[in-house]
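Commentary on secondary and tertiary structure
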Amino acid sequence: MLYYDFHIHSSLSPCGSEDMTPNNIVNMAKLCGLDAIAVSDHNSVKNVKAVTEAGKRIGISVLPAMEVETEEGVHILTLYPDTGAAEEVADIVYKALPDIKNRPEIFGQQIIMDSDDNVVGIEEKLLISPASLSLNSLFDVVKNVGGLFIPAHIDRHSYSILSVLGFMPQDLDIKMIEVSKNTTDLSAYLENRPELKKYKILRNSDAHYLDQFAECNASLDFEKAFDIFI
Ligand SMILES: [Zn+2]
Ligand SMILES: [Zn+2]
């Protein structure tokens, strides 16, 4: 049994707290009894390596991840089998972001850190914009590198595939979806949406602050975090 939280934002996300440093994240995960996490910042993976290294030191597995906003305004949680694959897609996404400079006083800082929580850079481009990539093209680039394409927080009223499209696109071979922790009664939710029952469901915190980690009870019947790609 693997306790996980695969949707956590670091200090790189402008809306993420500056306390979401690599070591604070992995230590909070440990306190919560989690075995595996993923740091999924908006449209960037620049803190993934630091969190992975910090996690290694205390025995927490960290999956490379990124939460991409498509041109439709849909958030997709993407997970990768290795950092090279994540960086390849992040490069495409970064180039597809509009050239808008972050205004920290409005949106918050976008802080890049090393595995000792030192600030090593500030991302200047605003990361919370939709990339000019459609759902279909993002699906292809993620699949090409062996990644997972997971519509994020599908039960939310904004930035979710269901709130934007109104349905799950059947032309994409989607296997997994994320239902946010706002939905406490998952079986009641699915009872009303039988068309969702065919998907594997992830429950993540989407934490932007240290006190928002999942209630530590989401688990998968895996031995290792990377089994999710099998
Ligand atoms: Zn989101
Ligand atoms: Zn998120």
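Throughout this description, residue numbers start from 1 for each chain and increase along the sequence as written. As a convention, the first chain written is A and the first ligand written is 1, with the rest following in written order. Selection of residues for local features in this predicted model requires a pLDDT of at least 70, selection of side-chain atom pairs for listing and counting requires 80 or more, and totals for whole chains, interfaces and linings are taken over all residues.

1. Observations regarding helix 3 (residues 83-95)
Heads up, the rule is: Secondary structure follows DSSP: runs of H or I at least 4 residues long count as helices, runs of E at least 2 residues long count as strands, and numbering of each begins at the N terminus. Expected span of a helix: the number of residues minus one, times 1.5 Å. Exposure is read from a count of other C-beta atoms within 10 Å of each residue's own; the residue is exposed at 12 or fewer, buried at 20 or more and partly exposed in between. C-beta atoms are placed from the backbone. For this quantity, the arc is that covered by the directions from the helix axis to the C-beta atoms. By definition, residues are in contact whenever their C-beta atoms, placed on the basis of the backbone, come within 7 Å of each other.
For helix 3, which comprises 13 residues, the first-to-last C-alpha distance of 18 Å matches the rise-based estimate of 18 Å (1.5 Å per residue) to within 8%. Along helix 3, the residues classified as buried are Ala85, Ala86, Val89, Ala90 and Val93. Each buried residue of helix 3 sits inside an arc of 130° when the element is viewed along its axis, so together they form one side. Facing away from the buried surface of helix 3 by more than 90 degrees, the exposed residues are Gly84, Asp91 and Lys95. Buried residues in helix 3 make contact with helix 2 (48-58), strand 3 (61-69), strand 4 (75-79) and helix 5 (135-144).

2. Quick look at the nonpolar core
What counts, and what does not: Here, a nonpolar core denotes buried Ala, Val, Leu, Ile, Met, Phe, Trp, Tyr and Cys residues that are linked to one another through C-beta atoms within 7 Å.
Residues Ile37, Ala38, Val39, Ala65, Leu79 and Ile150 are the most contacted members of the largest nonpolar core, which totals 58 residues. Beyond its immediate chain neighbours, meaning those up to four positions away, Val39 contacts Ile8, Ser10, Ile25, Asn47, Val48, Val51, Val62 and Ala65.

3. As for the pairing of strand 2 (residues 36-39)
Put simply, the rule is: DSSP-based pairing: two strands are paired if at least 2 bridges between them are found. We call a crossover right-handed when, viewed with the strands running away from us, the connection from the first strand over the helix to the second turns clockwise.
Of the two faces of strand 2, the one carrying Ala36 and Ala38 and the one carrying Ile37 and Val39 are both buried. Where strand 1 (residues 2-8) lies against strand 2, 3 bridges are found, and the strand directions are parallel. Its bridge partner being in strand 2, Asp5 is matched across the sheet by Ile37. For the crossover that starts at strand 1, traverses helix 1 (residues 22-31) and ends in the parallel strand 2, the hand is right-handed. Where the polypeptide runs from strand 2 across helix 2 and back to strand 3, its parallel neighbour, the crossover connection is right-handed.

4. Notes on the sheet that holds strand 2
This is how the line gets drawn: Lines fitted to C-alpha atoms define the axes, with helix axes restricted to the stretch in contact, and inter-axis angles between N-to-C directions lie between 0 and 180 degrees.
Taken in spatial order, the 6 strands line up as 7-4-3-2-1-10 in an open sheet, and their pairing is mixed. Edge positions in the sheet fall to strand 7 (148-151) and strand 10 (219-220), since each has one partner strand and no second. Where helix 3 meets the sheet, it contacts strand 3 and strand 4, and its direction lies at approximately 15° from that of strand 3.

5. Brief notes about helix 2
Residues of helix 2 that are buried: Val48, Ala50, Val51, Thr52, Ala54 and Gly55. Contacts made by the buried residues of helix 2 are with helix 1, strand 2, strand 3, helix 3 and strand 5 (111-113). In the stretch just after helix 2, Gly59 is the one whose phi turns positive, near 80°.

6. Notes on the packing of helix 1 against helix 2
Convention followed: Note on terminology: angles under 35 degrees are roughly parallel, angles over 145 are roughly antiparallel, angles of 65 to 115 are roughly perpendicular, and the others are oblique. By convention the crossing between two helices is left-handed if the near helix lies anticlockwise of the far one by an angle smaller than a right angle, and right-handed if it lies clockwise. Note that Gly is not counted as nonpolar here; it falls among the polar residues with everything else outside the nonpolar set of Ala, Val, Leu, Ile, Met, Phe, Trp, Tyr, Cys and Pro and the charged set of Asp, Glu, Lys and Arg.
Direction vectors running N to C along helix 1 and helix 2 enclose 45°, while the axes themselves pass 8 Å from each other. In terms of orientation, helix 1 and helix 2 fall into the oblique class. For the element pair helix 1 and helix 2, the recorded crossing hand is right-handed. Counting all contacts with helix 1, which are made through Pro22, Asn23, Ile25, Val26, Asn27 and Lys30, the residues of helix 2 involved are Ala50, Val51, Ala54, Gly55 and Ile58. Classifying every residue of the contact of helix 1 with helix 2 by side-chain character gives 7 nonpolar, 3 polar and 1 charged.

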